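Given next are the chains, with one letter for each unit.
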Amino acid sequence: MQILEIVLYGYNGKVRRLPFSTGSVNIITGRSKSGKTAVGDIIDYCLGGTSCNIADGVVRETVAWYGLLLQMATERIFVARKNPDLGQQTTTACHIEIGDRIKIPPTCDFTVNANTGNIEEILSSRIGISENLHKPSEDESRVPLSANIRHALFYCFQSQDEIAAK
């Protein structure tokens, strides 16, 4: 799975696209407070994050939906997730399209056809993580855990703090 583009659908009808280079490492640079951190947070949120960690400010105030165009081995997947309403930290409203020639929709007139659980399930199976559940023994205090795409993200993205911290 590779990210082809991030898409921001504004409340004003404008669409902003951020393309990525496939088959290579993408490094995002820019001035302080220019939105670099928001990129990782948008990816995390669209891939089923439990809360929208995109900082309050211009992006949260102006974007209606966040989108990702993903390239899989033999197909493309477009995932969009609604920006939470004012005062909310999350929403499960998602839209997903799967096919050989999926393109980025020009507007955000999305039909909610999935939730975060569906997105997580679909993407996990597409990258080869089969259904699983680890049940700890009775004497262990851990809760049961099912591996999914969310666990793989730790190996795919590094924030500035992980690279530049002392």
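Residues numbered from 1 in each chain as written. Predicted model: local features only at pLDDT ≥ 70, side-chain atom pairs only at ≥ 80, totals over all residues. Heavy atoms only, no water.

**Q** Please set out the layout of surface pockets residue by residue, giving values where relevant.
**A** In this structure, the second largest pocket encloses a volume near 900 Å³. Taken together, 32 residues make up the lining of the second largest pocket; nearest its centre are Leu-8, Ser-34, Gly-35, Ala-38 and Val-59. Listed by contribution, the elements that provide at least two residues to the lining of the second largest pocket are β1 (2–10), β2 (15–19), α1 (36–46) and α2 (58–62). No other element matches α1, which puts 6 residues into the lining of the second largest pocket. In terms of residue class, the lining of the second largest pocket is built from 14 nonpolar, 11 polar and 7 charged. (1 Å grid on protein atoms, 1.4 Å probe; cavity = no way out; pocket = protein on both sides within 12 Å on 5 of 7 lines; lining within 4 Å. Points joined across faces, edges and corners; volume = space filled by probe spheres on them. Helix = DSSP H or I, 4+ residues; strand = E, 2+ residues; numbered from the N terminus. Nonpolar A, V, L, I, M, F, W, Y, C, P; charged D, E, K, R; others polar.)

**Q** Give me the environment of Asn-115: which residues, what numbers.
**A** Following the sequence through the fold, Asn-115 ends up in the loop between β5 (94–99) and α3 (116–126). For the pair Asn-115 and Ala-93, spaced 22 residues apart in sequence, the C-alpha to C-alpha distance is 5.5 Å. With near-sequence residues (within four places) excluded, Asn-115 lies in contact with Thr-92 and Cys-94. One polar contact links the side chain of Asn-115 to the main-chain amide nitrogen of Asn-118, over a distance of 2.8 Å. (Contact = heavy atoms within 4.5 Å. Polar contact = N/O pair within 3.5 Å; in protein donor to acceptor, adjacent residues only side chain to side chain.)

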